[in-house]
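A structural walkthrough
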Amino acid sequence: PWRARERARPPHEASPVSGVDLRQLALLVALHDTQSLNEAARRLHMTPSAASQSLQRLRARLGDDIVARQGNAYVVTPFGEGALEAFRDMLRLWG
């Protein structure tokens with residue numbers, strides 16, 4: 001199961017996933033499946049620009065190392081892989 005990065009957090013501070021919307025989770029899943037931002041955007045009926053902005057917000061919220069570029073492909077990092085199954089479960093619940 002996915003766990004937020006281990007660090008001391010005051011009780012009033014929100015978890016890293018708070019403020020992340022389901023579309024951002026779906027984008028990460030689609031990026032994992034396609035390794036292409038354009039294809040992921042197409043699957044989610046988004047423009048590539050909107051997908052890019054959504055990915056930027058997700059990376060800022062969860063950590064910049066959630067996905068990496070390898071040439072033209074996007075690859076979900078081990079940190080992102082750890083979160084991926086939990087995100088898939090959340091999307092199934094809301095599906």
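Residues numbered from 1 in each chain as written. Predicted model: local features only at pLDDT ≥ 70, side-chain atom pairs only at ≥ 80, totals over all residues. Heavy atoms only, no water.

1. Digging into the confidence of the model for the protein
Taken residue by residue, the protein gives an average pLDDT of 83. The fraction at 70 or more is 80%. Looking over the protein, one finds the lowest element-wise mean pLDDT in helix α4 (residues 78–94), namely 88, and the highest in helix α2 (residues 37–43), namely 97. Below a pLDDT of 50 lies the segment residues 4–14, which in the model reaches eleven contacts outside its immediate sequence neighbourhood of four places, other chains included. (pLDDT = per-residue confidence, 0-100. Helix = DSSP H or I, 4+ residues; strand = E, 2+ residues; numbered from the N terminus. Contact = heavy atoms within 4.5 Å.)

2. Details of a nonpolar patch on the surface
On the surface, a cluster of nonpolar side chains totalling about 410 Å² of accessible area is made up of Leu22, Leu93 and Trp94. Take Leu93: it is sitting in helix α4. (Patch = residues over 30% accessible without salt bridge, like charges linked within 9 Å, V, L, I, M, F, W, Y side chains within 5 Å. Areas by Shrake-Rupley, 256 points an atom, 1.4 Å probe, with all protein chains shown as cover. Salt bridge = Lys/Arg side-chain N within 4 Å of Asp/Glu carboxyl O.)

3. Overview of the nonpolar core
One finds Leu27, Leu28, Leu31, Leu37, Leu55 and Val67 to be the most contacted residues of the largest nonpolar core, which totals 25 residues. Elements represented by at least two residues in this core include exactly α1 (22–34), α2, α3 (48–62), β2 (73–76) and α4. Here this core takes seven residues from α1, the largest share from any one element. In this structure Leu27 touches Leu37, Ala40, Leu44, Ala51, Ser54 and Leu55, once residues within four positions along its chain are discounted. (Core = buried A, V, L, I, M, F, W, Y, C linked by side-chain atoms within 4.5 Å. Buried < 20%, exposed > 50% of the residue type's maximum accessible area, 1.4 Å probe, protein only.)

4. Some points on the environment of Met46
Mapping Met46 onto the fold places it in the loop between α2 and α3. The class for Met46 is buried, based on a relative accessible area of 15%. In the structure, Met46 is positioned 19 residues away from Leu27 in sequence and 9.7 Å away in space, judged by C-alpha atoms. Discounting residues that sit within four places of it in the chain, Met46 has contacts with Arg23, Ala41, Ala51 and Ser54.

5. Let's talk about the pairing of β2
Direction of pairing for strand β1 (residues 67–70) relative to β2: antiparallel, over a ladder of four bridges. Across the sheet, the residue bridging to Val67 is Val76, located in β2. Counted between consecutive antiparallel strands, the loop separating β1 from β2 contains two residues, among which Gly71 sits at a positive phi close to 65°. (Pairing = 2+ DSSP bridges.)

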